[in-house]
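Coordinate analysis (summary)
Listed below, chain by chain, are the residues.
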Amino acid sequence: MASKILEATALLFALFAIFTQVYSDVTHKEGYCIMSGECGKNNNNGKALNCYYNGPAHNWTDAADIELLKEVCPSLVQDNKPVRVCCSKSQLLNLKTSLQVPDQTFSRCPSCLHNFYKLYCEFTCSPDQSVFLNASKLSVDRVPLNGSKPINGSVPSLEMSSAPSLEMNEVLRFSPEIVPQSFAASVNTNNDDSHKNGVEVYSVNEIDYYLTENFAYGMYNSCSNVLFPSSNSRAIAMYCGQYTAEECTPQHFLDFMGDINNGQAPFQINFHITKDKPAPAPMIALNTSYIPCYKAVTNDSNPCSCQDCPRMCPPQPVPPPPVPEPTIFGIYYMTFIMACVFCAFSFLFLGTLVLYYGCRKKKHYSPEFSVNGDQHPIRKIKIVTPADISCVEKFGDYFERKMGQGFLCWGTFCARHPIKVIICSVIFVAAACVGIMFLEITTDPVELWSSPNSRARQEKDYFDQKFGPFYRTAQLIITAPKRNATEYTPYPYSNVIPFGPVLAKDILHQVLDLQLQVERLQTWFEPEQRKISFNDVCFKPLDPINDNCTIESVVQYFQNSHEQIDRTIYDSSGFWVEADYHDHFMYCSASPASLNDTTKLHSPCLATYGAPVFPWVVLGGYDASNYTNATALVITFVVNNYLPGESHNSSASRKLEMATTWEKAFLDFIKNYHNTNLSIAFSAERSIEDEIERESESDVITILISYLLMFGYVAVALGKFSRSYRILIESKITLGLCGVLIVLCSVGASLGIFAYAGVPTTLIVIEVMPFLVLAVGVDNIFILVQRYQRDSRMAYEERADQVGRVVGEVGPSMLLTSLSESIAFFLGALSSMPAVKAFSLYAAAAVFIDFLLQITAFVALLALDAKRQDSARLDVCCCVPLSKKEHAPKDNGVLYTFMTKYYAPFIMKNWLRPIVVIVFAAMFCTSTVLMTKVEVGLDQQLSMPEGSYVIDYFNNLSAYLNVGPPVYFVTKDGYDFTTIENQNKICGGTGCLDDSLTSQIYHASQIADYTDIAHPTSSWLDDFFDWVNAGGAIPCCRYYNVTNEPFCPTSVGMNNTCLACHGPAEKGKRPTPAEFEKFLPYFLEDVPGQECAKGGHAAYGAGVTFTDKEKTEVGATYFMTYHTILKTSADYIDALSHARNISANITTMLDVQDDEFEVYPYSIFYVFYEQYLEIKGDTVFQLCISLAAIFVVTFVLLGLAFHSAVIICITIVMIVMNIMGVMYLWEINLNAVSLVNLCMAIGISVEFCSHITRAFAISTHGSRKQRAEHALGHMGSSVLSGITLTKFVGIIVLAFAKSQIFQVFYFRMYLCIVLFGAAHGLVFLPVLLSYAGPSVNKAKLYDEQLQDKPMTIPDGSVNERSSLLRHRNETATGEYYT
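Residues numbered from 1 in each chain as written. Predicted model: local features only at pLDDT ≥ 70, side-chain atom pairs only at ≥ 80, totals over all residues. Heavy atoms only, no water.

We now examine the state of the cysteines. On inspection of all chains with the given rule, the structure shows 15 disulfides. Note that Cys 538 is cross-linked by a disulfide to Cys 549, the S-S spacing being 2.0 Å. A torsion of -60° about the S-S bond marks the disulfide between Cys 538 and Cys 549 as left-handed. Of the two residues, Cys 538 is situated in the loop between helix H15 (534–537) and strand S22 (551–552) and Cys 549 in the loop between H15 and S22; the sequence distance between them amounts to 11 residues. The same class applies to Cys 538 and to Cys 549, which are both buried. Note that Cys 1037 is cross-linked by a disulfide to Cys 1061, the S-S spacing being 1.9 Å. On the sign convention where negative is left-handed, the bridge of Cys 1037 and Cys 1061, at about -75° about the S-S bond, is left-handed. You can see Cys 1037 sitting in the loop between helix H33 (1020–1029) and strand S30 (1038–1040) and its partner Cys 1061 sitting in the loop between strand S31 (1058–1060) and helix H34 (1073–1085), a full 24 residues away along the chain. Considered together, Cys 1037 and Cys 1061 belong to a single accessibility category, that of buried residues. (Disulfide = S-S within 2.5 Å. Helix = DSSP H or I, 4+ residues; strand = E, 2+ residues; numbered from the N terminus. Buried < 20%, exposed > 50% of the residue type's maximum accessible area, 1.4 Å probe, protein only.)

On to a nonpolar patch on the surface, then. Judged by side-chain polarity, Ile 419, Ile 423, Ile 427 and Leu 864 come together as a nonpolar surface patch covering roughly 360 Å² of accessible area. Sorting elements by how many residues they give to the nonpolar patch places helix H11 (residues 418–433) first, with 3 residues. Along the chain, the position of Ile 427 falls in helix H11. Residue classification places Ile 427 among the exposed positions, given a relative accessible area of 54%. (Patch = residues over 30% accessible without salt bridge, like charges linked within 9 Å, V, L, I, M, F, W, Y side chains within 5 Å. Areas by Shrake-Rupley, 256 points an atom, 1.4 Å probe, with all protein chains shown as cover. Salt bridge = Lys/Arg side-chain N within 4 Å of Asp/Glu carboxyl O.)

Next up on the list: the sheet that holds strand S32 (residues 1104–1106). Taken together, the 4 strands give an open sheet; going across it, the order is S32-S33-S29-S34, and neighbouring strands pair in antiparallel fashion. For this open sheet the edge positions go to S32 and strand S34 (1159–1162), each flanked by a neighbour on one side alone. Averaged over all pairs of adjacent strands, the angle between strand axes in this sheet comes to 20°, irrespective of strand direction. When S32 meets strand S33 (residues 1114–1122), the two strands line up antiparallel, connected through 2 bridges. Counted as the bridge partner of Val 1104 is Thr 1117 from S33. Where H34 meets the sheet, its contacts fall on S32 and S33, and the angle it forms with S32 comes to roughly 130°. On the sheet, helix H36 (residues 1129–1150) packs against strand S29 (966–971) and S34 and is oriented at approximately 160° with respect to S34. (Pairing = 2+ DSSP bridges. Axes fitted to C-alpha atoms, helices over the stretch in contact; angles between N-to-C directions. Contact = heavy atoms within 4.5 Å.)

Looking now at the pairing of strand S20 (residues 522–525). Residues of S20 alternate between two faces, with Thr 523 and Phe 525 buried on one and Gln 522 and Trp 524 left unburied on the opposite face. Once S20 ends, the chain turns through 4 residues before running back antiparallel as strand S21 (residues 530–533), passing Gln 529 with a positive phi of about 50°.

One recurring pattern in soluble globular proteins is that nonpolar side chains are buried together. Grouped together as the largest cluster of nonpolar side chains are 214 residues, with contacts concentrated most on Trp 1020, Trp 1027 and Phe 1305. In terms of residue count, helix H26 (residues 834–870) provides more of this core than any other element does, 23 residues in total. Setting aside chain neighbours within four positions, we find Trp 1027 in contact with Cys 1036, Cys 1037, Phe 1047, Phe 1079, Tyr 1082, Phe 1083, Asp 1086, Cys 1092, Lys 1094 and Gly 1095. Core analysis: the next-biggest nonpolar cluster, separate from the first, contains 158 residues, Phe 123, Tyr 220, Ile 497 and Ala 611 among them. (Core = buried A, V, L, I, M, F, W, Y, C linked by side-chain atoms within 4.5 Å.)

Further remarks concern helix H5 (residues 110–125). Taking 1.5 Å per residue, 16 residues should reach 22 Å; H5 reaches 21 Å between its end C-alpha atoms and fits that length. Among the 16 residues of H5, 15 are classified as buried, and the element is accordingly described as predominantly covered. (Expected span 1.5 Å × (residues − 1).)

Two side chains of opposite charge can pair, provided their charged atoms sit close to one another. A full pass over the atoms with the stated rule returns 31 salt bridges. Arg 868 is the salt-bridge partner of Asp 865, the closest N and O atoms lying 3.1 Å from each other. Here Asp 865 pairs with Arg 868, and both are found in helix H26, just 3 residues apart, close to one helical turn. As far as the burial class goes, Asp 865 and Arg 868 line up, both buried. A cluster of three or more residues bridged by salt bridges with shared partners is formed by Arg 787, Asp 791, Glu 797, Arg 805 and Glu 809.

Quick look at the confidence of the model for the protein chain now. Across the protein chain, pLDDT averages 82, with 87% of residues at or above 70. Here residues 146–196 is a poorly scored stretch, pLDDT under 50, and it has 112 contacts once near neighbours within four places are set aside; other chains count. Of the regions scoring below 50 in pLDDT, residues 365–382 engages in 38 contacts with residues more than four places distant in sequence or in other chains. (pLDDT = per-residue confidence, 0-100.)

So, on to the environment of Asp 939. Mapped onto the elements of the fold, Asp 939 is located in the loop between helix H28 (912–931) and helix H29 (949–960). For the pair Asp 939 and Thr 1128, spaced 189 residues apart in sequence, the C-alpha separation works out to 7.1 Å.

Mapped onto the fold, Asn 1218 is located in helix H39 (residues 1202–1225). Here His 1320 takes part through its side chain, which lies 3.1 Å from a polar atom of the side chain of Asn 1218. Look past the residues within four positions of Asn 1218 in its chain and what remains in contact with it is Met 923, Phe 924, Ser 927, Phe 1316 and His 1320. (Polar contact = N/O pair within 3.5 Å; in protein donor to acceptor, adjacent residues only side chain to side chain.)

On to the environment of Pro 1016. Turning to its location among the elements, Pro 1016 is positioned in the loop between helix H32 (1008–1011) and H33. Sequence separation between Pro 1016 and Gly 988 is 28 residues, and the spatial gap between their C-alpha atoms is 9.9 Å. The residues touching Pro 1016, leaving out its near neighbours within four places in the chain, are Leu 227, Asn 232, Tyr 1002, Ser 1005, Met 1120 and Thr 1121.

Here it is in structure tokens:
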């Protein structure tokens, strides 16, 4: 043993002596080489090693060899000069093969590719190689004299490594007598024993390459911004190891390119940039020329494009500054304007009052008698004669009388034949309600919020038809809240790198286990009577070549393998870790498309389904591009989507049902999955629709309680109790419940009628419409019943006559409110928003049907109830009579008495009325200011029930997501891509226009904060050009010349029957139109691989369509990129708006003479947020058209009373404005739901305003103040009890709803509607009428003058109008009936 150690030691000393002698004579001067030829292969990566050769450069004379050199390294071939190089032909061929992938990557920027080639051409073939290269590590091979394969390992090395090698320092030199293997025949050998087994030849294992800063930085800068279109990223990231494109530097780039672990370098190349430290003498760093990206390589070529070379870009567009809030004198403009309006109004109003009362006091006007509301001295009273009555007043009085007579006759008929009327009503309602069997409820969010005729909907349909519907997704967002961040120190000693909690190895194993469980998840699919799994529904981009499913997950960097995650490489001591999953993750996150991570692991980064996994898609919660800081992992299971077929049993419908079935199993599995180390937020494509449906079910009890309380209140409040023993007789429980039942019947009839017509409904209609109809219907019920209760039957009247007379009095008022609301809602159906349109149609029909049932069935029921009460029979148990029969004294009720005797006189106080006007004016002005600040949109979380898993998912999206949704810029059919002129308008590489499609999107991505475009777009056209021109030993574009198979993929390998699409002479040229049509289908079916990374099947297979079966004419195509992170509704709306602006500019630039052609943007969320681009205008339109309808109806039904119609509309506007002001304070956004509520607010506001206004209009009391007090006293109690209190009881319950949308949009808005409606109807409107109400109708005054005899007035004279005055003063109730 000792002898062997001594022998080895002696051998090492001998070798050291030999190498010392060898090093002493290395030559570093022009014309000398440092390596030439190839000597064996690297045992680790199988790459050919260059022979050490420190001799003169070789002269090349063979024309074919020179032509090859001119193709690969044109800078080394000069016209009319001998060609001297340091490389062999085999080296040159290997160089050409090695540069195949960089050729594909950088060919879109000719100067970059030229400089890149120059870096390696100088290294491999320069005749002055020894000047800037120095071999620092060699391996020893023994070459047989007959030139056969070398014998490796025959001589041990100083390092004692597995391959014989030895380190050399800078002062040692090799002997020039050492020759490469290719020249072994010329070596002089002796016949002694030392050469009987061959000669020793040295192969280069490591080399130092010295570059000047000028060339190194120039070369790097020319390539640093070149794009890699298919991944929407910069190509330099693929050549910078663990560094991202932003972190990469020239030294990082060169270090990676020279690293023996990168999978391409045959041996270690140590690049030295001589910035501060020059090359060791007599060496000189390479300072050859480079071509900057903004210059052309030749006179016949173009410089790099703007996208690849910022110097070529026009001035970067400057986003417009944020629109400042408009101000006047530093005050928000609307605040200033409304403050001025309020001050001016207050000054004019109060000034007018002061002048009026001053003049009145001065002239001693008597308030006892008045005509038309104006106070006159008694001596100046003018008698009303027919000549004083205008045509409008005559028509109004005539129309009023005829309408009253019509309702009187109809009410009398219904009261005389109650059973027949009820039976007919039941038959009508039953027939209508049968239609509910055919009712179609729309829960699809697209159908709910997007009109079929809207732009976004049409664009979505076009995209779905051409490219298929956007994929469905099931997504997990995983965090590890119980874990802390860890630190990792890369080998051999480097800066400490923090790793987020979710990137701990054991967490990755648990995440992978979860992912695999989801993949293997099976569920029963009833239509096919079998179990299905994710494999049956998933998207497979490379099928049938690769049948793996698309799962975007960080564990795809490890090919979904536990073994890959655990894989670790130790140093020779077995102690220090040289590479493990940390290193692999850092490399893959920087270069996700790599097939070799260049660490000692040499593992690929591509996912199992054959595509790169971008870190911004699978990671969350990191800052900038520091992916190792990630605090969340995102796993996305991509599921195929299908357009529903025409029939349920169609193939597409069956596949869609299969996808939703698997999604349900996925959701059930995740809900029941437990792991104490992981926190999981999850969602599937069907989740929102499921939760909206569950939301409706979850609040059914709440809604029922709300309605039951309102029903109970109505049943009790309708009763009037005079004595305790008559409670069960005078109660109206049965009548009240029947009235409420009529409301529900009207809702059911409306649903059934439109179901017959095939009009789908929505959950909003079902939830909101009963509330609306109940508000309208119950108010009419209270008015009708309470009017009957306060009325006294005349001596000559029967019960039916009395009921008819009461109906004649209140029927016009009921018709006024119901008809105006119905027409307003019918006009609201003009909205393009499906949810608003459906609500308007159903609500309009329900309100009108409710009115019809009230004046038929309810009148009949009222007559029957009156008969029961007259017979002293008990309510509910009507068969049980009370032994003691007596007529109860007429009692107006507590509420009526309070309103007439206390409330109305108090509101009409002279000192209080100005305060009311000023306060409500201030409320209006304030609300107008706040209204302008109401935001549009609908927070997705509000649409979910409280406690929903989807809310947690949305919260996690906002907290961790680092990328927005994808956006596609679609070019419609009709664009000719075969001409160079048209190509230049689309592409982004060299020769393309600065305002081309891809260039404009690129420019937009440079100001992402404004445009919301995060990355440059992927461009199939640019990648197609690179693919056609890709060189190397195996070009990407090849076709068979002897078989019927047209395309020859690179996977076939070297094949003499395959011809390159473009030869060396055509390199860099665009395909001709014929070639374009022939080669494009090849490109779209080529699967990307190590030899050809530009294959378009994975990235663009679905992005290009053809209009013919032969695939020669390109149809619709898309160019994909991503939006920035979008979190709020405003973000989504802005993203849509900016994308449309960009596409409009592109369409204008393309200038296609086809009206059907355009470029438009498409993203999956556009159909939901398009409504918000125009919702402010839609809101104004809907509200204005509803107000117009109300104005017309009130104008006509009040007898052409323009003044009254205006006052009603003014009051409604004030109510709506107040509601919108509170929307801002209560954080209620403007959207389809709130717009429906605003439309409903207009309808309910009519109830608050019309009854009192009509009572004022038909009153003939002396002054406006008296008429207002009379109208408020007599109608206010019905409005208060019928609308305000009824609704308030039901609204309070909604505050306890589980649904957030109920709490925000129903409880809050309904409460505002009721409170503001009641405040304006019962406080402001009477005061407004007392000041500015319409004049009394002289025709009514004239009719009243004819009713009675004259009477003597206080001064003893006789006046024609005394009869009117006596009647008005002497009647107990102050009322008059014609």
